[in-house]
Protein chains: 2
Amino acid sequence: MSQIMRAVMCCLAIVACSSSVPPAEPPARSDWRLVIHGGAGVILRADLSAEEEVQYHAALRRALQAGGDILASGGSALDAVQAAVLPMEDDPRFNAGHGAVFTADLGHELDASIMDGRGRDAGAVAGLTRVRNPILAARAVMEQSEHVMFAGSGADRFAESVGLDMVDNDYFSTDRRRASVQGVLDRRERSSAEKAGTVGAVAIDRDGNLAAATSTGGMTAKAAGRIGDAPLIGAATYAQNGICAVSSTGHGEYFIRVGVARAICARRELKGESLQVAATRVLDDVADLGGDGGVIAIDETGRYAFVFNSPGMYRGKIDQDGVETAIFGPNNSATEIAQ
Amino acid sequence: MSQIMRAVMCCLAIVACSSSVPPAEPPARSDWRLVIHGGAGVILRADLSAEEEVQYHAALRRALQAGGDILASGGSALDAVQAAVLPMEDDPRFNAGHGAVFTADLGHELDASIMDGRGRDAGAVAGLTRVRNPILAARAVMEQSEHVMFAGSGADRFAESVGLDMVDNDYFSTDRRRASVQGVLDRRERSSAEKAGTVGAVAIDRDGNLAAATSTGGMTAKAAGRIGDAPLIGAATYAQNGICAVSSTGHGEYFIRVGVARAICARRELKGESLQVAATRVLDDVADLGGDGGVIAIDETGRYAFVFNSPGMYRGKIDQDGVETAIFGPNNSATEIAQ
């Protein structure tokens, strides 16, 4: 990537809803909040019809409502992030579950991870081919195995052994993604959008517990067996009570090399940086290596941030004050917050 | 694990060869250094015969010499860590390559990762079943693919496609490991030694470049498809010029949840802690969750540290001052440094 492109990317779209000065005392823990993303990339207003835009906002709201209902009734952050990811896995608009991108072999290999900030328990799966909802497989690994991560056929077999809903691989296929992979294979190169696309959620519950979850079909036309950042604890997903919870989306190889989620939590823990500052610095580090993408994060006081160095990121939050969703970056339009 | 056990573990065996106060100015870059480990766990003098002890020291020296020769002649840290890991993969004493532990299915699934501190390029493989030297597969992923990580049959196929030496799965089998897995399956529990066992290396070359590498057969009787920390960039392996390089070994699930290698480098970068302090704090964090193991680390000035909260760790260093190897922790015996 050229220096100019990189400089432009660094200047793009830093959107943060956290305040940069922490209050002297954390607020009482009467509130809860859920923040989600549906992938970052070159998402421009010109590329979406008005109808598609409305549909994406509605899809984000469904995910937020599913998780928000749990938090509002006193449920756990862990259950909320899972509940928010599930409808995005089932929605063909997002690159996770049904609607996942194709591999170079014209199949689907799905990755997911989940982490509970309470005791830093974690579960992850990579290269699933038959599990309808990968986030449920990650949760099952966390709670029903002695391990943290499974990959490949062993991951599918584990999910089947605990009774998860299994499907044929072509359940994940959609015409839109088939056209996309064919284009990549014909051109022998990917657009930014074809490198990314992931869904994720972070939440804080009424008890102050944090959790994070991420799920993806990976990179369009990826080689069979390729693992990106989404299933890697510390790369895409991290949650630790008292510090922060992060889920990321972007060109996964760069996110692995930087250790994005772990690095953001480390900056929050060791330097006391706001999530806006911490996430911006870590994404600058990603951009320095040549990568782009975005993160959502929430800290121990419930402050949250959306930070991305791509033109857009499907995103939203729900809390006692209501629902907000957005798609584009501020340079493209700053008016797409939907109350 | 009981609180008492955990407290005892925390008090055990903190061995560090780094000075805790950094010099005002880094030394001139005329030196080089390689530090290795061959696994941490319950390694007690009573469990090794005098002959076995001699053989382990000799095996560690062979690995150190292989990497040290490269550094002494001006080669890169990256080539040196690879060269040090290779003879340990080929040596049946260590749980990596030939001599790797068995899975619960009585096969072998091998993991490895490597990272070059110069540009933070990285490569990783998980669940290999047919590649003689997993560390070469990790290196090939880094240099000959657009991805950072491959798992399962896709990883084997990638390694084969780039011309690596392929073997039958039973090439990795040894009678000692067969007895071990049978014992675990019969008892339905693992000893500490059966949870761990990994080889790794970190190095600084004459140009001040850092690199790290880790390779393992994983945990005895692990479920098929299980991925531990060894192939995860940020968990077992991390290297960044100007900061530090880390390779870890231990009960991998805990090392993933803490993000050990990334966390140590973050403490060095953000707090300026010595590696001894940083690694001790991060391993205390692992112990708080219930895990044990060890790390080797080297910083941007060439200072290094061995830190482990298990009774022993096979380990050694080579530099212009010579070779040192050690096996036991200081509480077991402090005299096993072999000059």
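Residues numbered from 1 in each chain as written. Chains lettered and ligands numbered in written order. Predicted model: local features only at pLDDT ≥ 70, side-chain atom pairs only at ≥ 80, totals over all residues. Heavy atoms only, no water.

Enquirer: When you look at the overall build of chain A in this model, what are you seeing that I'm missing?
Expert: Counting its regular elements, chain A contains 10 helices and 13 strands. Pairs at least 24 apart in sequence give 71% of the contacts found in chain A among residues at least 6 apart. Carbon and sulfur atoms form 49% of the exposed surface of chain A, whose accessible area is close to 11,300 Å². (Helix = DSSP H or I, 4+ residues; strand = E, 2+ residues; numbered from the N terminus. Contact = heavy atoms within 4.5 Å. Areas by Shrake-Rupley, 256 points an atom, 1.4 Å probe, with all protein chains shown as cover.)

Enquirer: Explain helix α2 (residues 50–72) of chain A to me, please; I cannot follow it from the model alone.
Expert: An α-helix turns once per 3.6 residues; consequently, residues spaced three or four apart project the same way. All names here are of chain A. When the terminal C-alpha atoms of α2 are compared, their 32 Å separation across 23 residues agrees well with the 33 Å that a helix rising 1.5 Å per residue should span. Considered for burial, the residues of α2 that qualify are Glu53, Tyr56, His57, Ala59, Leu60, Ala63, Leu64, Gly67, Gly68 and Leu71. Close packing links the buried residues of α2 with β1 (33–41), α3 (77–90), α6 (175–187), β5 (199–204), β12 (312–319) and β13 (322–328). Backbone geometry just after α2 places glycine 74 at a positive phi near 90°. (Expected span 1.5 Å × (residues − 1). Buried < 20%, exposed > 50% of the residue type's maximum accessible area, 1.4 Å probe, protein only.)

Enquirer: Teacher, can you tell me more about the nonpolar core here?
Expert: Nonpolar side chains in soluble globular proteins tend to end up buried together. Within the largest apolar cluster, 97 residues are counted, with the highest numbers of intra-cluster contacts made by Ile264 and Val295 of chain A together with Ile264 and Val295 of chain B. In terms of residue count, helix α10 (residues 275–289) of chain B provides more of this core than any other element does, 7 residues in total. (Core = buried A, V, L, I, M, F, W, Y, C linked by side-chain atoms within 4.5 Å.)

Enquirer: Explanation requested: unusual backbone geometry in the structure shown.
Expert: What is expected of a backbone is that most residues other than glycine have negative phi and most peptide bonds are trans. One non-glycine residue, leucine 106 of chain A, lies in positive phi territory at about 65°. Residue position: leucine 106 of chain A is located in the loop between α3 and β2 (110–116). Its identity is not glycine, yet alanine 221 of chain B carries a phi of approximately 65°, on the positive side. Note that alanine 221 of chain B resides in the loop between β6 (210–216) and β7 (226–227).

Enquirer: What should I look at first to understand the confidence of the model for chain A in this one?
Expert: For any part of a model where pLDDT is low, the fine detail of the predicted coordinates should not be relied upon. Residues and elements named next belong to chain A. Residue-level pLDDT values for chain A average 88, and 87% of them are 70 or greater. Within the model, pLDDT remains below 50 along residues 1–29, and this stretch shows 51 contacts once partners closer than five positions in the same chain are excluded. Contacts from residues 332–339, a stretch scored under 50 in pLDDT, to residues over four places away or in other chains number 26 contacts. The ipTM for the predicted assembly is 0.89, set against a pTM of 0.89. (pLDDT = per-residue confidence, 0-100.)

Enquirer: Explain helix α5 (residues 152–161) of chain A to me, please; I cannot follow it from the model alone.
Expert: Residue and element names in this part refer to chain A. What α5 keeps buried is the set Gly152, Gly154, Ala155, Asp156, Phe158 and Ala159. Where α5 is buried, its residues contact β3 (121–128), α4 (134–144) and β4 (149–151). A positive backbone phi angle near 90° is found at glycine 163, which sits one or two residues after α5.

Enquirer: What should I look at first to understand the packing of aromatic side chains in this one?
Expert: To describe a pair of aromatic rings, one takes the distance between the centres and the angle between the planes. Considering all chains together, one arrives at 12 aromatic pairs over all chains under this definition. Above the plane of the ring of phenylalanine 306 of chain A lies arginine 315 of chain A, whose end atom (NZ or CZ) is 5.9 Å from the centre. (Phe/Tyr/Trp six-rings, centres within 6.5 Å; stacked < 30°, edge-to-face > 60°. Lys NZ or Arg CZ within 6 Å of the ring centre and 35° of its normal.)

Enquirer: Would you mind going over the relation of the copies chain B and chain A with me for this structure?
Expert: Put simply, the second copy of the chain is the first one after a rotation about an axis and a shift along it. In the superposition of chain B on chain A (RMSD 0.0 Å, axial shift 0.0 Å), the rotation amounts to 180°. Those values place the two copies in the arrangement expected of a two-fold rotation axis. Of the C-alpha atoms belonging to chain B, the one lying closest to the rotation axis is found on glycine 152 of chain B, 2.8 Å away. Mapped onto chain A, 100% of the interface residues of chain B again fall at the interface, so both copies present the same surface. (Least-squares fit on C-alpha atoms with pLDDT ≥ 70 in both.)

Enquirer: Help me understand the interface of chain B and chain A in this model?
Expert: It is common to give the size of an interface as the accessible area that goes away when the parts come together. In this assembly, 38 residues from chain B lie in contact with 38 residues from chain A. For the pair chain B and chain A, the summed buried surface comes to about 3,200 Å²; carbon and sulfur atoms form 56% of the total. Its largest share of buried area at the contact with chain A, chain B owes to Arg120, Arg257 and Leu270 of chain B, together 20% of the area lost on that side. The interface formed by chain B and chain A contains 4 salt bridges. Two residues, arginine 257 of chain A and aspartate 121 of chain B, come together in a salt bridge whose shortest N-O distance is 3.2 Å. Broken down by secondary-structure element, the contributors of at least two residues to the side of chain B that touches chain A are β3 (121–128), β4 (149–151), α5 (152–161), β7, α8 (252–258), α9 (260–271) and α10 of chain B. With 6 residues, the single largest contributor to the side of chain B that touches chain A is α9 of chain B. Of the residues in the side of chain B that touches chain A, the class split is 19 nonpolar, 5 polar and 14 charged. Here β4 of chain A runs beside β7 of chain B; their pairing, made up of 2 bridges, is antiparallel. (Buried area = accessible area lost by both parts, 1.4 Å probe. Salt bridge = Lys/Arg side-chain N within 4 Å of Asp/Glu carboxyl O. Nonpolar A, V, L, I, M, F, W, Y, C, P; charged D, E, K, R; others polar. Pairing = 2+ DSSP bridges.)

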